[in-house]
Amino acid sequence: MLALFGIGCFFVVGLLVAVRLLELWWRTRQLPEFLVALALLGMGPLGACVFGAGYLLFRDTSLMSFFHATGLAIQGIGFSAAACFAWRVFRPNDKWAVVLTVVISLGLLGDGFGMFVLPVSPGEFVLRNHLSMNLKILALGWGALESLRYWRISSKRAAIGFADPLVSASFLMWGIALVSGTLALLSLYAAIVLIGPEAHMSPPSQLLTSCFGVVAAAAVYLSFLPPRAYRRRIEARASAAGG
Amino acid sequence: MAESPAFEFAAAELERLTDLDHLESRGTIRLVLKEALFESRSVDIAQMTKIVEDILPRALAARGVDGHASICEKLAITLKCSDLSSSAGQSPDAIFDRLIRR
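Cut-offs applied
Residues numbered from 1 in each chain as written. Chains lettered and ligands numbered in written order. Predicted model: local features only at pLDDT ≥ 70, side-chain atom pairs only at ≥ 80, totals over all residues. Heavy atoms only, no water. Contact = heavy atoms within 4.5 Å. Buried area = accessible area lost by both parts, 1.4 Å probe. Salt bridge = Lys/Arg side-chain N within 4 Å of Asp/Glu carboxyl O. Axes fitted to C-alpha atoms, helices over the stretch in contact; angles between N-to-C directions. Helix = DSSP H or I, 4+ residues; strand = E, 2+ residues; numbered from the N terminus. Parallel < 35°, antiparallel > 145°, perpendicular 65-115°, else oblique. Core = buried A, V, L, I, M, F, W, Y, C linked by side-chain atoms within 4.5 Å. Buried < 20%, exposed > 50% of the residue type's maximum accessible area, 1.4 Å probe, protein only.

A. How the structure looks around the interface of chain A and chain B. Facing the 35 residues of chain A at the interface are 21 residues of chain B. In terms of surface lost to chain B, no three residues of chain A exceed R157(A), F162(A) and V167(A), which account for 26% of the buried area on that side. Taken together, the connections running from chain A to chain B amount to four salt bridges. Between E33(A) and R98(B) there is a salt bridge, and its shortest N-O distance comes to 2.7 Å.

B. Structural detail: the packing of helix α4 (residues 62–90) of chain A against helix α6 (residues 92–100) of chain B. Between α4(A) and α6(B), whose axes approach to 8 Å, the crossing angle comes to 125 degrees. Overall, the two elements α4(A) and α6(B) adopt an arrangement that is oblique. Contacts from F85(A), R88(A), V89(A) and F90(A) in α4(A) reach P92(B), I95(B), F96(B) and L99(B) in α6(B).

C. View of the nonpolar core. Among the nonpolar cores identified, the biggest contains 57 residues, and W174(A), V220(A) and F96(B) are the most heavily contacted of them. Broken down by element, this core gets its largest block of residues, eleven residues, from helix α7 (residues 165–194) of chain A. Excluding residues within four positions of it along the chain, V220(A) makes contact with F10(A), V13(A), V17(A), L40(A), W174(A), A177(A) and L225(A). Counting 28 residues, the second largest nonpolar core, distinct from the first, contains F162(A), L75(B), L79(B) and L84(B).

D. Broad picture of the environment of A169(A). All names here are of chain A. Among the secondary structure elements, A169 is positioned in helix α7. Expressed as a C-alpha distance, the spacing of A169 and F51, which sit 118 residues apart in the sequence, is 34 Å. Setting aside residues no more than four positions away along its own chain, A169 makes contact with Y230 and I234.

E. Representation of the pattern of salt bridges. Per the stated rule, a full pass over the model turns up 16 salt bridges over all chains. Ionic pairing is found between D111(A) and R128(A), a salt bridge with its closest N-O pair at 3.3 Å. Placement of D111(A) in helix α5 (residues 95–117) and of R128(A) in helix α6 (residues 127–159) is noted, with a sequence separation of 17 residues between them. According to the relative accessible area criterion, R128(A) is partly exposed, its value standing at 25%. Of the charged contacts, one joins R26(B) and E8(B) as a salt bridge, the two residues approaching to 2.7 Å between their closest N and O atoms.

F. Structural detail: unusual backbone geometry. Even without a glycine there, the phi angle at R29(A) is positive, about 60 degrees. Within the secondary structure, R29(A) is located in the loop between α1 (2–28) and α2 (31–43). Residue R29(A) is classed as partly exposed on the basis of its relative accessible area, which comes to 47%. The backbone of L37(B) sits at a positive phi, close to 65 degrees, despite the residue not being glycine. Position of L37(B) relative to the elements: it lies in the loop between α2 (22–35) and α3 (45–54). Look at L37(B) and you get partly exposed, because its relative accessible area is 35%.

Function cannot be read off these values alone, since they describe shape.
Here it is, written out as structure tokens:
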């Protein structure tokens, strides 16, 4: 139950933001809005709903592995979308970023869809799970580094009037959200490697996941649905700094 | 390293509108970009236009270019009307700006 609070916060915010960005994508037909929406839905509510449905409705039946594989495939799509967003937005002209995105996407989609052919039961943690976990950490960690790197440049430009302070703050918030996601995955991975496959169900691990979920939810919300009071605060701070 | 279309366009237009030669006009644009913390390979048309309006007049005046204000005004209008405007909105700033506006 402990983990459910933080994860629930992230899912609700993820769903709200994803719906708004899909609505924006419907009007603009631009890739970045679609990628963020896909990432938030896949890594958050959509993937988890499929996992949850399999666990709650088809536990100990043959359909459970089908839902497990489908959930993993949806998550794979979500994490791949997050990597594609980092490439498309921050490194569109760098060949190494294309290669990194392709490696992450092929690895995660291969793992997700491969689960239909060569299933691994939910309680097991084999080499494939290690690879997939590392690729997920890489996808979020890379996105976090790119966003925070760009925030550093953008905040300096904002200080001399060549960038919008609110947009600059959004880079920071998206970076914080991705750092939280990376740390959540790292803590889960460390628990699984050091203690065992069921360690992620332990109270300390759940508490950590919950905390990271709350931070990620708040950061995603401020990044893509900045409330008026927050906008005013950022603008007031920028005006004060500008004299 | 390939320069951005906005940089190439602005440098070529500056060369056409002034007595500056190819290298001088490119160097001048590079310096004003640096002052505003932008890179010649990633600056987009909207950012270049703002830099041309806000920083370039001073830079041209410092190089003794006559009519720097009107040159910059013309250059800004040309940038806004260029074909490159259709590819605007692809920088990280423009993308995030679109994502957060309601």
